[in-house]
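# A structural walkthrough
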Amino acid sequence: MTTPISPDHTSTADHAPLDGTLGELFVVPPQGACFHCGEVLPKAPFVTTVLGAPREMCCLGCQLAAQSIVEANLEQYYLDRREISPTASLPDAINFNAYNHDDIKAQFVYQEDGGSTAELSVANLRCTACTWLIETRLGKLDGVMLCQVNLTQQRMRVRWDETKIGIGEILSAVHSVGYDAKPYRQDTHEAMLKRQNKRMLIRLGVAALGAMQAMMFSIGMYFGDYSGMLAEHRDFLRYVALFVTIPVMFYSGVPFFLSAYNAIKARQVNMDVPVSIALITTFVASVYATLTQSGETYFDSVSMFIFFLLAGRYIEQNARLRASNMASDLVVIEPTLVAKLAKADTLIAQHDSGTLDAASILAWRKANLADWASTQNFTNHSVNQTSTNQNATNQNLATQEKILAQSVQVGDVIAIDAGSQIVADGILLSDTATVSQSLLTGESDLIVKNCGDMVVGGSQNDAQPFVMLVTAKVDDSQIALIDRLMNRALSEKPKIAQDADRMARWFVARVLVLACLVFAVWWFIDSHEALWATVAVLVATCPCALSLATPIALTVATNRLARFGFLATRGHTVQTLEQVSHACFDKTGTLTIGQANLLTTAVHDISADDALKIAAALEIGSRHPVARAILTAAHGLHLPAVKDAYHHTAGGVAGVIDGVAYRIGHTDFVLDRAQGEQAQNADDLPDALAENLAAHQANTSVLLSRQTPAGWQAVARFYFNDAVRKDAAQTIATLKSLGVTPVMLTGDPNPAALKVAADLGIDTAHFGLTPEDKVAHLRALQEKGGTVLMVGDGINDAPVLAAANVSTAMAGAADLAQVSSDSVLLGGQLQAISHAITTAKKTQKIIRQNLRWAITYNTLVLFPAALGYVPPWLAAIGMSLSSLAVVANAMRIRR
């Protein structure tokens, strides 16, 4: 409902009065509706100034359209309109240039792989030919580096070179082939899909009513032929049937015609081309027979044809959306507003240098957050105090400066209210916090965080409000990374999907040629049956099921794996997992938990405390489990300054402290000797520092040395234990039962690593490997015909992860490892790998079943259709049922 108001008054949807000199009434939407298109506003509406007042918009597209209207001095559009259309028709002068504005691009464009990347919602995608048409059109534009369209999610991912083309030109190109693309945002995307679903349901209802009425009149004519119906009665029923078929044809059938028109305009063919030809031909022939009072009419066939096609697509679309929603559930909409308390550049500097600790946080807190801290749960309260402090905290939060979550910057100190989502990665400044990371890890257990601990964007605050220091932008948070990785996986097409697409396009072209041949042959045999045999061939052999066979199965499989905690980030992951013959594992942080604990320190010519201080100072900034264990043990100690610190891959860390060079890491690196020289150089290691893991009940150790005039002298050895993951042995056993050979490739130079492999049942294990050695071992397996899965977690694993046929990185692994891998284990559960391989095998089996069914159906139905035994309405039922059979079969993957 819209309400006409005077421009010198403000409706409940407005925020400021308009200029009273406008002098005429105009239409604005009711409260809670978009000013531009009238749709319901999301929780976080977009705002732009129109006619001198801020106006709320439902999506970025409406905001850009309104801004374009204002900038083009076309605000008269809003004064002249007398209704607000959901399609929000715009003046012809509006174009897509507004999307190239830097402030607008900052809301949805991010940098990836050397180009600008954006996720877009695309409306009205119907089949794989639609996705191919868009990909082909954009692929011809200079500067477009990548375009991947996802039919199931109605989304696309595009990457381009900003120096050659802008996002506005890309959106314009998509529009030119008949599709509407807008920047993706989950709430507006879901609203678009709901509107699209509602429109399809209305079209389906009109088609159902028309088909029933047309069939009723046609039955009367059929019986009339046997009972001697008068010609004028027959002609009357024909005109009535035409009357009820017109809305079915020109309203319910419009999606087929528009899709076919856009394809032909782009000099391509899609599934709707033969369908549209069949519909138009049948309808025109029936109209001609009605007007000339000769021949036969098939208005019932036209109406039923459209009804069955729409019914099949409606059911199919809802099945795809249910599968797609499983992926959407991974990513929540961040809170719109957060309370910003202060800016803490000093804390960020300490965080970047690795010197940020609880004492530094407490000192900064007292100096900068004294007023707010009086109501904040910085310290433990008694039970009786909790409610009072909670209320005071909430009142205090309400008075703080509110900023958009997307506007949060590194160094901001923000407050997260109880029950709210954490909007970005950061450091906890409050004493304690209780968070849930179920969205990221799949674990439902609550986690208690202490001051100085890392809190991850996408987690939920399950207790009292807390304060945190933002260390990464919202778009750089862990949850945003997972979202982009998931979108990349769903957008990329594996080879089997590409082959199916090519087969479907090939089939459509051949169907059109075959239809022409059938018409020509029947024209000479029986011209009255030529038209209907041709229509039946066009409809019955449309390869809709063939185009759905692969993408629907891959979508269901990808989302089922995500529920296991196995996030596929590449399109080929599911297909390649089914072929895996060898599974190679790193040890530290992969087969083991990766949370080393410092057990004891053996020293020589240095005190244990001094050795720990030096080791901790060298390890600042490292994410290796051993480094974290040392820094944890050194908590509260005053660490010396380090100069010229350098991390040596697969070796350790070197640096200069008080003019003395130190090294910590593996023995060969620390003592500066070539790998494998331990035997002949054993005398350069003091007896107290000789490795003795059994005596200390440890499973690994690192050595600390300093440089002397005589060379590198070992001064301390740190012993650690790292528990093996609880499900590691079961995972290895399951992989063996699936015919997959497990292999351990670790950079740990300690022979004790072989004991870990033996305990887990891994028969082939190699230790002391550099990244190059790991790649060499992997290449050797591939040269023997093996398909290798690599599982790792560190920066040193990035090369071998990239070299593997398919790879998996542990969640929380180094960013380079995650980006180099094809999948991520979100919950740290190794059993997800065996589940993934089992699911992949089942998926490939179902894909092959779908392809066989689709090809068999299209082949078998061809001959009876060409011989005239299949009427058009029955052909429509057969095509719809074949598509539904493919969708239903793919859904079995969920079980």
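Residues numbered from 1 in each chain as written. Predicted model: local features only at pLDDT ≥ 70, side-chain atom pairs only at ≥ 80, totals over all residues. Heavy atoms only, no water.

### Looking at the overall build of the protein chain
A tally of regular secondary structure across the protein chain gives 33 helices and 31 strands. Counting every atom, the protein chain has about 38400 Å² of accessible surface; 56% of that belongs to carbon and sulfur. (Helix = DSSP H or I, 4+ residues; strand = E, 2+ residues; numbered from the N terminus. Areas by Shrake-Rupley, 256 points an atom, 1.4 Å probe, with all protein chains shown as cover.)

### Notes on the pairing of strand β18 (residues 466–470)
Of all five residues in β18, five are buried; the element is thus mostly enclosed. By the alternation rule, side chains of β18 split into Phe-466, Met-468 and Val-470 and Val-467 and Leu-469, which are all buried. Judged from the four bridges that link them, strand β12 (residues 412–416) and β18 form a sheet pairing that is antiparallel. Paired with Ile-414 across the two strands is Met-468, which belongs to β18. (Buried < 20%, exposed > 50% of the residue type's maximum accessible area, 1.4 Å probe, protein only. Pairing = 2+ DSSP bridges.)

### Overview of the environment of Asp-272
As for its placement among the helices and strands, Asp-272 is situated in helix α9 (residues 272–292). Judged by its relative accessible area of 0%, Asp-272 is buried. Each C-alpha atom of the pair Asp-272 and Pro-255 lies 8.8 Å from the other, and the pair is 17 residues apart in sequence.

### Some words on a nonpolar patch on the surface
On the surface, a cluster of nonpolar side chains totalling about 400 Å² of accessible area is made up of Phe-519, Trp-523 and Phe-524. One can find Phe-524 in helix α17 (residues 495–525). (Patch = residues over 30% accessible without salt bridge, like charges linked within 9 Å, V, L, I, M, F, W, Y side chains within 5 Å. Salt bridge = Lys/Arg side-chain N within 4 Å of Asp/Glu carboxyl O.)

### A few points about the nonpolar core
It is characteristic of soluble globular proteins that their nonpolar side chains tend to be buried jointly. Residues Leu-577, Phe-585, Leu-789 and Ile-833 are the most contacted members of the largest nonpolar core, which totals 42 residues. Considering every element that reaches this core, the biggest residue donor is helix α32 (residues 831–866), with eight residues. Ignoring any residue separated from it by four or fewer positions in sequence, one finds Phe-585 in contact with Thr-590, Leu-591, Ile-732, Leu-735, Val-743, Met-744, Leu-745, Met-790, Val-791 and Ile-833. Grouped together as the second largest cluster of nonpolar side chains are 38 residues, Leu-242, Phe-299, Val-511 and Leu-531 included. (Core = buried A, V, L, I, M, F, W, Y, C linked by side-chain atoms within 4.5 Å. Contact = heavy atoms within 4.5 Å.)

### Digging into the sheet that holds strand β23 (residues 652–657)
Spatial ordering of the open sheet is given by β21-β26-β25-β24-β23-β22, a layout of six strands whose pairing is antiparallel. The sheet is open, and its two borders are formed by β21 (597–603) and β22 (643–648), each paired with just one other strand. Along the sheet, successive strands turn relative to each other by an average axial angle of 20°, direction set aside. Packing of helix α23 (residues 608–619) onto the sheet brings it into contact with β21, β23, β24 (660–665), β25 (700–708) and β26 (711–721), and relative to β23 it is tilted by some 110°. (Axes fitted to C-alpha atoms, helices over the stretch in contact; angles between N-to-C directions.)

### Some words on the pattern of salt bridges
Side-chain pairing between opposite charges can occur once the charged atoms of the two side chains come close. Per the stated rule, a full pass over the model turns up twelve salt bridges. With a closest N to O distance of 3.4 Å, Lys-774 and Asp-586 form a salt bridge. Within this pair, whereas Lys-774 is found in helix α29 (residues 771–783), its partner Asp-586 is found in the loop between β20 (582–585) and α22 (587–591), the two being separated by 188 residues in sequence. Residue Lys-774 shares its accessibility class with Asp-586, and that shared class is buried.

### Observations concerning α23
Here α23 is twelve residues long and its end C-alpha atoms lie 16 Å apart, about the 16 Å a rise of 1.5 Å per residue gives. All of the buried residues along α23 are Ala-611, Leu-612, Ile-614, Ala-615, Ala-616, Ala-617, Leu-618 and Glu-619. (Expected span 1.5 Å × (residues − 1).)

### Some thoughts on the packing of helix α8 (residues 254–265) against α9
It is the contact of α8 with α9, at a shortest axis distance of 8 Å, that shows an interaxial angle of 120°. Considering the angle they form, α8 stands oblique to α9. Considering only the axes of α8 and α9, their crossing is left-handed. Across the interface between the two elements, Pro-255, Phe-256, Phe-257, Ser-259, Ala-260, Ala-263 and Ile-264 from α8 touch Asp-272, Val-273, Val-275, Ser-276, Leu-279 and Ile-280 from α9. (Parallel < 35°, antiparallel > 145°, perpendicular 65-115°, else oblique. Left-handed = near helix turned anticlockwise from the far one by under 90°.)

### Describing the confidence of the model for the protein chain
For the protein chain, the mean per-residue pLDDT works out to 75, and 73% of the residues sit at or above 70. Note that residues 441–445 has pLDDT below 50 and, in this model, eight contacts with residues that lie over four places away or in other chains. (pLDDT = per-residue confidence, 0-100.)

### Description of the sheet that holds strand β29 (residues 788–792)
Sheet architecture is open: seven strands sit in the order β19-β31-β30-β29-β20-β27-β28, paired in mixed fashion. Looking along the sheet, the strands with just one partner apiece sit at the ends: β19 (566–568) and β28 (764–766). Neighbour to neighbour, the strand axes of the sheet diverge by 20° on average, direction disregarded. Looking at chain direction, β20 and strand β27 (residues 741–745) are connected through four bridges and run parallel. If you follow Cys-584 over to β27, its bridge partner there is Val-743. Packing against the sheet, α29 makes contact with β20, β27, β28 and β29, and its axis sits at approximately 160° to β29.

### A word on the environment of Val-413
Assignment of secondary structure puts Val-413 in strand β12. Separated by 44 residues in sequence, Val-413 and Leu-369 place their C-alpha atoms 9.8 Å apart. In this structure Val-413 touches Ala-339, Lys-340, Leu-341, Ala-342, Ala-344, Trp-364, Leu-369, Leu-429, Val-467, Met-468 and Leu-469, once residues within four positions along its chain are discounted.

### Description of the pairing of β12
Counting buried residues along β12, five of its five residues qualify, which places the element largely inside the surrounding structure. The alternating pattern of β12 places Asp-412, Ile-414 and Ile-416 on one face and Val-413 and Ala-415 on the opposite face, and all of these are buried. Across four bridges, the pairing between strand β10 (residues 337–343) and β12 is antiparallel. Considered in β12, the bridge of Ala-342 is made with Val-413.

### Considering the side chain of Thr-787
Considering the arrangement of structural elements, one finds Thr-787 in the loop between α29 and β29. Under the relative-accessibility criterion, Thr-787 is labelled buried at 15%. With residues near it in sequence (within four places) discarded, Thr-787 still touches Thr-576, Gln-579, Val-580, Ser-581, His-582 and Asn-805.

### Overview of the packing of aromatic side chains
The tally for this structure, following the rule as stated, stands at four aromatic pairs. Aromatic pair Phe-283 and Phe-299: ring centres 6.1 Å apart, planes at 70°, arrangement edge-to-face. On the criterion of sequence distance, the pair formed by Phe-283 in helix α9 and Phe-299 in helix α10 (residues 299–328) is long-range, its members being 16 residues apart. By relative accessible area, Phe-283 is classed as buried at 8%. (Phe/Tyr/Trp six-rings, centres within 6.5 Å; stacked < 30°, edge-to-face > 60°.)

### Things to note about the UniProt feature "transmembrane region" (unreviewed entry) in the protein chain
If you check UniProt for "transmembrane region" (unreviewed entry), the listed places come out as residues 201–224, 236–261, 273–291, 297–315, 507–525, 531–554, 851–867 and 873–891 in our numbering. Secondary structure over residues 236–261 splits into 96% helix and 0% strand, and the C-alpha atoms at its two ends are 33 Å apart. Summarising residues 851–867: 94% helix, 0% strand, and an end-to-end C-alpha distance of 25 Å. (UniProt positions renumbered as here; feature names shortened; annotations may be inferred.)

### So, the packing of helix α7 (residues 231–252) against α8
Running from N to C, α7 and α8 point in directions that differ by 40°, and their axes come no closer than 5 Å. The angle between α7 and α8 falls in the class oblique. In this structure, α7 contributes Met-249, Phe-250, Tyr-251 and Ser-252 to the contact, and α8 contributes Val-254, Pro-255, Phe-256 and Phe-257. Class assignment for the residues of the contact of α7 with α8 results in seven nonpolar, one polar and no charged. (Nonpolar A, V, L, I, M, F, W, Y, C, P; charged D, E, K, R; others polar.)

### A closer look at the environment of Val-743
Following the sequence through the fold, Val-743 ends up in strand β27. For Val-743, a relative accessible area of 5% gives the class buried. Between the C-alpha atom of Val-743 and that of Leu-778, which follows or precedes it by 35 residues, the distance is 9.9 Å. Look past the residues within four positions of Val-743 in its chain and what remains in contact with it is His-582, Ala-583, Cys-584, Phe-585, Ile-762, Thr-764 and His-766.

### Here's the deal with unusual backbone geometry
At Asp-605, a position not held by glycine, the phi torsion is positive, near 65°. Its location among the elements puts Asp-605 in the loop between β21 and α23.

### A short note on the side chain of His-582
Position of His-582 relative to the elements: it lies in strand β20. In this structure the side chain of His-582 is engaged in a polar contact, spanning 2.9 Å, whose partner is the side chain of Ser-581. In this view, His-582 contacts Val-740, Thr-741, Val-743, Leu-781, Gly-786, Thr-787, Val-788 and Leu-789; residues no more than four positions away in its chain are not counted. (Polar contact = N/O pair within 3.5 Å; in protein donor to acceptor, adjacent residues only side chain to side chain.)

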